[in-house]
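Below are the chains, spelled out letter by letter.
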Amino acid sequence: MQRLLLFLLCACTQAITTAAAIVPGKAFERFITIWLENQDFAKVVVDSSMVDLKREGIMLTRYYAQTHPSQPNYLAAVAGDYFGLNHDDWVRIPENVATIADLLEDKDVSWGGYFEDMPSPGYMGNYSDGSTGNGGWDYVRKHSPFVSFDSVTAHGERLLNLDSFRAFHRDFAAKSLPQFVFMSPNMMNDGHNTTLSTATDWSREFLRPLLADGAFPERTLIALTYDESEDYAQPNHIVTLLLGSAVPPSLKGTTDDTFYTHYSILATLQANWGLHHLGRYDVGANVFGFVADAAGYQGNREPEGASAVNNSVSYPGLLHEDPDQRTAIPVPNLYLKGAGGLGVLPWIEAAWSGAKKMQTPYDGSGRVWDGDNPPVYGPPTRRTV
Ligand SMILES: *[C@@H]1O[C@H](CO)[C@@H](O)[C@H](O)[C@H]1NC(C)=O
Ligand SMILES: *[C@@H]1O[C@H](CO)[C@@H](O)[C@H](O)[C@H]1NC(C)=O
Ligand SMILES: *[C@@H]1O[C@H](CO)[C@@H](O)[C@H](O)[C@H]1NC(C)=O
């Protein structure tokens, strides 16, 4: 009898451990990033819902988007470059371009994306009417970055990691959310087709259960951000707010004035979980301050040219709509060490080994480029600045 009980107990524990398989991080066990649309820093910081939320988190005061319009910013945050993209139309990126999904899976960290009004898991269409659209577009492909990468869509099980907000609510209730979560509300709730306060009010309400005591069994960091600023004539300065149980209580209501961009999301995940890197602009991007401290990462710095950052227009690349500005996808730099303390992901190195000596714009310096200040290529062994 005792033996049977012991056996049952063991079997049970094992099942639970397998289901929960949470990979511990230096500062958090879960990262959720939620993307709102098109607002300038100066307008968002004074909004009343944002002021409420700010008391519970760390406001990043020098965070810049990569370019305009929306879509390249979403792609940049998961792939470490936007490959010259300067429009919101359908794009497809070849299979030898990796994303954060590859880095996470390599270390067994689960990941997923939830997109409001996505009509079915893994949907690859351009748009879909949903819960609030009145016949307009609610779900839009341009706000759903993973579906544009062949390295995701060519693997059915990855494509199925992309689902709707209904699935988010189900997984949140079951305490089974993946450890990395990318979320885009629909075109109304993200503010795109509505107003600044519609999106911030929505955010405050949406976040309430996620910020409640005990909402998640694991330390959870929530990065509420914008894809880009509204005013294309001003530098692309946006609000990003760090929230959730992973934020140290002593830092709630404070600001962090370090220079960040969407590439900082990648560097922060790498530092937290000791991930490999993509060999692109993820290397050298600053890691969110309190995460850098927890991870003992000392690479944060003010990149050259940061005071003149504009990021308002896309540099040349494969996805540029002007044929005269189309260039090949740059070779990842296979020689750098990233914020996770490791080199480039082994399969990236294998996929690009034939081109490993080619000139590349990725030098690990954290410098940002845009169309008015295009990337400078150099030999890949360049040291960081
Ligand atoms: C999405 O848009 C692209 C480009 O306009 C078009 O070629 C494609 O057929 C569209 N896809 C669907 C499923 O409508
Ligand atoms: C949102 O705006 C786009 C144009 O930018 C329009 O085509 C679409 O119908 C609008 N959607 C909603 C839900 O209002
Ligand atoms: C930023 O770049 C855009 C596009 O080239 C330009 O119109 C704008 O004047 C620039 N803004 C600043 C502050 O330099």
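Residues numbered from 1 in each chain as written. Chains lettered and ligands numbered in written order. Predicted model: local features only at pLDDT ≥ 70, side-chain atom pairs only at ≥ 80, totals over all residues.

Enquirer: Which residues make up the overall build of the protein chain, and what values go with them?
Expert: Counting its secondary structure elements, the protein chain contains 12 helices and 10 strands. Taking the principal axes of its C-alpha atoms as reference, the protein chain extends roughly 75 × 45 × 45 Å. Residues counted as buried form 51% of the 385 residues belonging to the protein chain. Partitioning the contacts of the protein chain with sequence separation of at least 6, the portion at a separation of at least 24 is 74%. (Helix = DSSP H or I, 4+ residues; strand = E, 2+ residues; numbered from the N terminus. Buried ≥ 20, exposed ≤ 12 C-beta atoms within 10 Å, placed from the backbone. Contact = placed C-beta atoms within 7 Å.)

Enquirer: Account for unusual backbone geometry, naming residues and giving values.
Expert: Here the residue pair histidine 68 and proline 69 is connected by a cis peptide bond, since its omega of -5° sits within 30 degrees of zero. Unusually for a residue other than glycine, aspartate 117 sits at a positive phi of about 70°. Within the secondary structure, aspartate 117 sits in the loop between strand 3 (111–115) and strand 4 (127–128). Positive phi is not limited to glycine here, since lysine 175 has a value of about 50°. Within the secondary structure, lysine 175 sits in the loop between helix 8 (165–173) and strand 7 (180–184).

Enquirer: Lay out the sheet that holds strand 10 (residues 254–261) in plain terms, naming residues and giving numbers.
Expert: Spatial strand order, 6-3-7-1-8-9-2-10: 8 strands in an open sheet with mixed pairing. Each edge of the open sheet is held by one strand with a lone partner, namely strand 6 (162–163) and strand 10. Alignment of strand 2 (residues 58–64) against strand 10, held across 6 bridges, turns out to be parallel. Bridge assignment links tyrosine 63 to a residue of strand 10, and that residue is tyrosine 260. (Pairing = 2+ DSSP bridges.)

Enquirer: Hey, could you go over the environment of aspartate 89 for me, with residue numbers and the actual values?
Expert: As for its position among the elements, aspartate 89 is in the loop between helix 4 (70–79) and helix 5 (100–106). For aspartate 89, a count of 11 C-beta atoms within 10 Å translates into the label exposed. In sequence terms aspartate 89 and glutamine 71 are 18 residues apart; their C-alpha atoms lie 8.1 Å from each other.

Enquirer: Tell me about the site of ligand 1, and please be specific about residues and values.
Expert: Residues in contact with ligand 1, as listed here, are Asp89, Trp90, Gly125 and Asn126. Looking at the shell around ligand 1 residue by residue, the classes come out as 1 nonpolar, 2 polar and 1 charged. (Near = placed C-beta within 6 Å. Nonpolar A, V, L, I, M, F, W, Y, C, P; charged D, E, K, R; others polar.)

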